[in-house]
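# Residue-level structure breakdown
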Amino acid sequence: MTDDSGRPIAVFDLDNTLADTAHRQHFLESRPKDWDGFFAAAPADPPLAEGVALVLESARDCEVVYLTGRPERCRRDTLEWLVAQGLPEGRLHMRRDADRRPARFTKAATLRRLARDREVRFLVDDDELVCDDAERAGFDVVRARWAAKSAALEDAQEREGRT
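Residues numbered from 1 in each chain as written. Predicted model: local features only at pLDDT ≥ 70, side-chain atom pairs only at ≥ 80, totals over all residues. Heavy atoms only, no water.

On a plain count of helices and strands, the protein comes out with seven helices and five strands. What you see in the protein, going N to C, is helices and strands ordered as β-α-α-α-β-α-β-α-β-α-β-α. Considering the protein as a whole, with its 163 residues, one finds that 52% of them fall into the buried category. Taking all contacts inside the protein whose residues are at least 6 apart in sequence as the whole, residues at least 24 apart take part in 72%. Summed over all atoms, the accessible surface of the protein reaches about 8000 Å², with 49% contributed by carbon and sulfur. (Helix = DSSP H or I, 4+ residues; strand = E, 2+ residues; numbered from the N terminus. Buried < 20%, exposed > 50% of the residue type's maximum accessible area, 1.4 Å probe, protein only. Contact = heavy atoms within 4.5 Å. Areas by Shrake-Rupley, 256 points an atom, 1.4 Å probe, with all protein chains shown as cover.)

What follows is the structure, given as C-alpha cells:
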C-alpha cells in the first residue's frame, strides 16, 4: 500500500447485496436469456435493508467503492439508483460491455488493483465463488446472504459472465 493517509476502502457488490433482483429473475429463466430486459429492469430494484444499513455504517470509517458485474452500459441507471436510495457516493467499478469472464475473475482483479494503493477493509458480495476467491487472496469478506438465492443468477455470474 502506498497511500496510508487515505481511509480504508469498503467494497460493495450491487445485485443481491444492495439491490433485490428477484423481480427481474424471470428474464434469466427464458431461453435465450433476455439480458436487455434484465438490465433495463434494474432501476426498479428495491433496496435490501441489510446491505443498505451496512454500507451506511461503513461510510463512517471507510471510503465506499461499488464493484458490480453489471456492464458499463448500465452506468447511468446504476448511479441514479444509488442516489435514489440515499447511498454514499463512491467510485463505481463496472464490467466492460464485452467482458464475459466470470465475476470472480473480474472482481478479484479490481480488488487487487484497489489494494495496491489503499487498505481494502472488506468486500461485501453475495456470489460465493467471488467471496471464496477474495478470501483466498487475503481479503476480508462479508457474505451477503440476505437475498433469496437464484440459480439463474448464479449461472449468469459464473458461466455466462454477465453480472
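This is not the end of the story, as more comes after the structure.
Tracing the backbone shows Thr106 in helix H5 (residues 103–117). According to the relative accessible area criterion, Thr106 is buried, its value standing at 11%. Residues within four places of Thr106 in sequence aside, it is in contact with Arg95, Asp99 and Arg101.

Core analysis: the largest hydrophobic core is formed by 26 residues, its most contacted members being Phe12, Leu18, Val55, Tyr66 and Leu87. Mapped by element, the contributors of at least two residues to this core are strand S1 (9–12), helix H1 (26–29), helix H2 (35–40), helix H3 (49–58), strand S2 (63–71), helix H4 (75–84), strand S3 (91–95) and strand S4 (120–125). Residues in contact with Phe12, not counting those within four places in the same chain, are Leu18, Gly51, Leu54, Val55, Ser58, Val64, Val65, Tyr66, Leu67, Phe122 and Val124. Ile9, Val11, Val65 and Ala103 belong to the second-largest nonpolar core, a separate cluster that totals 14 residues. (Core = buried A, V, L, I, M, F, W, Y, C linked by side-chain atoms within 4.5 Å.)

Let us look at the sheet that holds S2. One open sheet accounts for five strands, arranged S3-S2-S1-S4-S5; its pairing is parallel. Single-partner strands in this sheet number two, and they are S3 and strand S5 (141–143). Strand-to-strand, the axes of this sheet are offset by a mean angle of 20 degrees, without reference to chain direction. Across four bridges, the pairing between S2 and S3 is parallel. The partner of Tyr66 across the bridge, within S3, is Leu92. Relative to the sheet, H4 contacts S2 and S3, its axis offset from that of S3 by approximately 145 degrees. (Pairing = 2+ DSSP bridges. Axes fitted to C-alpha atoms, helices over the stretch in contact; angles between N-to-C directions.)

This part takes up the packing of H5 against helix H6 (residues 128–136). In the contact formed by H5 and H6, the axes pass within 9 Å of each other and the chain directions differ by 40 degrees. The orientation of H5 with respect to H6, classified from their angle, is oblique. Of the two possible hands of crossing, H5 and H6 adopt the one that is right-handed. Contacts from Ala103, Arg104, Lys107 and Leu111 in H5 reach Leu129, Val130, Asp133 and Ala134 in H6. Here the residues of the contact of H5 with H6 are counted per class, giving five nonpolar, no polar and three charged. (Parallel < 35°, antiparallel > 145°, perpendicular 65-115°, else oblique. Left-handed = near helix turned anticlockwise from the far one by under 90°. Nonpolar A, V, L, I, M, F, W, Y, C, P; charged D, E, K, R; others polar.)

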